[in-house]
Amino acid sequence: MSVPHTPSNTAFQTAIVPAAGLGTRFLPTTKAVPKELLPVVDRPAIELVADEAARAGASKLVIVTSKEKASVAEYFQPAPRLEETLASKGKDELLAKVRKAPELINVEIAEQHQALGLGHAVGCAEENLADSDSAVAVLLPDDLILPVGVLDRMAKVRAEHGGSVLCAFDIPREEISAFGVFDVSDTAEDDVKRVHGMVEKPAAADAPSTFAAAGRYLLDRAIFDALRRITPGSGGELQLTDAVALLIEEGHPVHVVVHRERRHDLGNPGGFLRAAVDFALRDPDYGPELRSWLVERLGSGNEAE
């Protein structure tokens, strides 16, 4: 389906969403329903990141997935019979919700036959690129970065400095060992750092900074050449951070934008529940009643019941 689109910037036209994982932390649900389609209130995560990509200027979304998760791509297809039924019953608000995803952005599929790491997943999308794609955005659907807009700032940093730009969060040092951590130096702009290297899950005392990688990347097309030249690491996986590190070694400029707003990690049930509550509290239909219920429930002192 062709979607009319006027980009807000020309930094990138293609966004890649890796979505081939097994969702093991959500088993047994993910035996039948892909994690990316679990609803955050009433919209699945894959639609939320597609919306973010479209708002930032992307006209094409490449979903990297497997045959077993075909429903992730099917979600972005029109549903004529459902739409006809809703229209005939005058359910215009529901009809608009059903049509939203197919109208957001042009969606293509890249198949990942084996789960061989984030770098491998991104590399699977190379054949979907056009000759004009000098850079691509990568959005991890497990990460919701709020408010939407960090990709726009990342695009401005790339326009000024060139190369690749990643998103980072400032993490308390006592929690830093769970993350990939950047070795950085300051630039003239607040919360824009030049990256000199990256350390995966360092001990707190050894971490080169407290700036940790989040799930947004704006990558120069050179990343695909680097992905072909790195070697697999633990478990035979190709890591995107290894390819970025190779580009840094070769003089390719890499910067991070430090995002100091909210992030929800949808990769585990606890984080998913926090995201759902956060989104629901801001919803005019569900928020007021949910807030009242939470106040009453937590005030009762019987949270464990």
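What this report covers is the structure whose coordinates are included nearby. Just so it is clear, the structure is predicted and the values come from calculations on it, not from any experiment.

## Some thoughts on empty space enclosed by the protein
- Counted under the stated rule, the structure contains one cavity of 30 Å³ or more.
- Taken as a whole, the largest cavity spans an internal volume of roughly 30 Å³.
- The class makeup of the residues in the lining of the largest cavity is four nonpolar, no polar and three charged.

## A closer look at helix α1 (residues 45–55)
- Of all eleven residues in α1, ten are buried; the element is thus mostly enclosed.
- Considered for burial, the residues of α1 that qualify are A45, I46, E47, L48, V49, A50, D51, E52, A53 and A54.
- A positive phi of about 120° marks G57, the residue just after α1.

## Re the layout of surface pockets
- Reported here for the largest pocket is a volume of approximately 1300 Å³.
- Surrounding the largest pocket, 39 residues form its lining, R25, L118, L140, D142 and Q239 being those nearest its centre.
- Sorting the residues of the lining of the largest pocket by element identifies α5 (118–123), β10 (192–200), β11 (211–220), α8 (240–249) and β13 (262–265) as the ones contributing at least two each.
- Taken together, the residues of the lining of the largest pocket break down into 18 nonpolar, eleven polar and ten charged.
- In this structure, the second largest pocket spans a volume of roughly 870 Å³.
- Looking at the second largest pocket, it is lined by 33 residues, and the ones nearest its centre are D42, R43, E47, L48 and K100.
- The set of elements that each furnish at least two residues to the lining of the second largest pocket consists of α1, α4 (92–104) and β7 (143–146).
- The leading source of residues in the lining of the second largest pocket is α4, at seven residues.
- Considering only residue class, the lining of the second largest pocket consists of 18 nonpolar, one polar and 14 charged.

## Let's talk about unusual backbone geometry
- Cis geometry marks the peptide bond from L27 to P28; its omega dihedral reads 10°.
- With respect to the helices and strands, the residue P28 is situated in the loop between β1 (14–18) and β2 (39–40).
- The omega torsion across L146 and P147 is -10°, close enough to zero to call that bond cis.
- Summarising the element assignment, P147 is placed in the loop between β7 and α6 (150–161).
- We note that V41 has phi near 70°; this positive angle belongs to a residue other than glycine.
- Considering the arrangement of structural elements, one finds V41 in the loop between β2 and β3 (43–44).
- Non-glycine residue D191 carries a positive phi angle of around 60°.

Procedures and definitions
Residues numbered from 1 in each chain as written. Predicted model: local features only at pLDDT ≥ 70, side-chain atom pairs only at ≥ 80, totals over all residues. Heavy atoms only, no water. 1 Å grid on protein atoms, 1.4 Å probe; cavity = no way out; pocket = protein on both sides within 12 Å on 5 of 7 lines; lining within 4 Å. Points joined across faces, edges and corners; volume = space filled by probe spheres on them. Nonpolar A, V, L, I, M, F, W, Y, C, P; charged D, E, K, R; others polar. Buried < 20%, exposed > 50% of the residue type's maximum accessible area, 1.4 Å probe, protein only. Helix = DSSP H or I, 4+ residues; strand = E, 2+ residues; numbered from the N terminus.

Everything listed here is a matter of coordinates, which is why it stays silent on function.
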